[in-house]
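# Fold and contact review
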Amino acid sequence: EVQLMESGGGAVQTGGSLRLSCAASGFTFDEWIIAWFRQAPGKEREGVAGISPGDQSTYYSDSVKGRFTISSDNDKNMVYLQMDSLKPEDTAIYYCAADLIAEFLGGTELQPHYDYWGPGIQVTVSS
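What you see is a predicted model; the values in this text were computed from it and never measured. (Residues numbered from 1 in each chain as written. Predicted model: local features only at pLDDT ≥ 70, side-chain atom pairs only at ≥ 80, totals over all residues. Heavy atoms only, no water.)

Further remarks concern the overall build of the protein chain. The secondary structure content of the protein chain amounts to zero helices and eleven strands. On the principal axes, the C-alpha backbone points of the protein chain span a range of 40 × 25 × 25 Å. The proportion of buried residues among the 127 residues of the protein chain is 43%. Surface exposure of the protein chain reaches about 6400 Å², of which carbon and sulfur atoms provide 47%. Distance between charge centres in the protein chain, computed from 8 positive and 17 negative side chains, equals 11 Å. (Helix = DSSP H or I, 4+ residues; strand = E, 2+ residues; numbered from the N terminus. Buried < 20%, exposed > 50% of the residue type's maximum accessible area, 1.4 Å probe, protein only. Areas by Shrake-Rupley, 256 points an atom, 1.4 Å probe, with all protein chains shown as cover. Lys, Arg positive; Asp, Glu negative; His and termini not counted. Charge placed at Lys NZ, Arg CZ, Asp CG, Glu CD.)

Before going further, it helps to examine the sheet that holds strand S7 (residues 68-73). Read from one edge of the open sheet, four strands run S1-S3-S8-S7, paired in antiparallel fashion. Two strands lie at the open edges of the sheet, namely strand S1 (3-7) and S7, each paired on one side alone. Averaged over all neighbouring strand pairs, the angle between strand axes comes to 15°, with direction disregarded. Here five bridges tie S1 to strand S3 (residues 18-25), and the two strands are oriented antiparallel to one another. The residue of S3 that forms the bridge with Met5 is Ala23. (Pairing = 2+ DSSP bridges. Axes fitted to C-alpha atoms, helices over the stretch in contact; angles between N-to-C directions.)

All chains considered together, the criterion is met by one disulfide. Note that Cys22 is cross-linked by a disulfide to Cys96, the S-S spacing being 1.9 Å. Judged by the torsion about the S-S bond (-75°), the Cys22/Cys96 disulfide is left-handed. Linking Cys22 in strand S3 with Cys96 in strand S9 (residues 92-100), this pair joins segments that are 74 residues apart in sequence. Exposure class is identical for Cys22 and Cys96. Each is buried. (Disulfide = S-S within 2.5 Å.)

With that settled, consider the nonpolar core. The biggest cluster of nonpolar side chains holds 29 residues, and the ones touching the most others in it are Ile34, Trp36, Leu81, Met83 and Tyr94. Looking at this core, the elements that each hand over two or more residues are S3, strand S4 (32-39), strand S5 (46-52), S7, strand S8 (78-83), S9 and strand S11 (121-126). In contact with Leu81, not counting residues within four places along its chain, are Leu18, Arg19, Leu20, Trp36, Val48, Ala49, Phe68, Thr69, Ile70 and Tyr94. Counting residues in hydrophobic clusters, the runner-up holds six residues, among them Ala35, Phe37, Ala97 and Tyr114. (Core = buried A, V, L, I, M, F, W, Y, C linked by side-chain atoms within 4.5 Å. Contact = heavy atoms within 4.5 Å.)

Quick look at the side chain of Arg67 now. Its location among the elements puts Arg67 in the loop between strand S6 (57-60) and S7. Among the polar contacts made by the side chain of Arg67, one reaches the main-chain carbonyl oxygen of Ser85 at a distance of 3.0 Å. Other than its neighbours up to four places away in sequence, Arg67 contacts Gln82, Met83, Asp84, Ser85, Leu86, Lys87 and Asp90. (Polar contact = N/O pair within 3.5 Å; in protein donor to acceptor, adjacent residues only side chain to side chain.)

With that settled, consider the pairing of S9. Buried residues dominate S9, accounting for seven of its nine residues. In the sheet, S9 pairs with S11 via three bridges, with the strands oriented antiparallel. What sits directly across from Ile93, in S11, is Gln122. Note that S9 and strand S10 (residues 116-117) share two bridges and pair antiparallel. If you follow Ala98 over to S10, its bridge partner there is Tyr116.

Laid out in structure tokens, this is it:
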């Protein structure tokens, strides 16, 4: 019954911005970790950013730190990824993922061991 659905993708020029949204349902929001992953053609799936809605802890990959911001609206069961200063190398399919906090060890929040995934949404950054 856990469901995740991404929205807000599209095409933007280099230096532009997009905000992705993840609508979550079917679980107790503050007992889970929600994260964004991306996968570009020919590359492995990469953890981008994560958040623990319960305590608002956040996690970022080095490649997006300082450009992307993850946040949550716990009353609406929504997680957002604000993406600024976009580069062509940010082009990928972006996925929202969720899992129980109890399944994580410290430092593994951006590893792809999540049990639940949204269908993904395309982000394209052109030069």
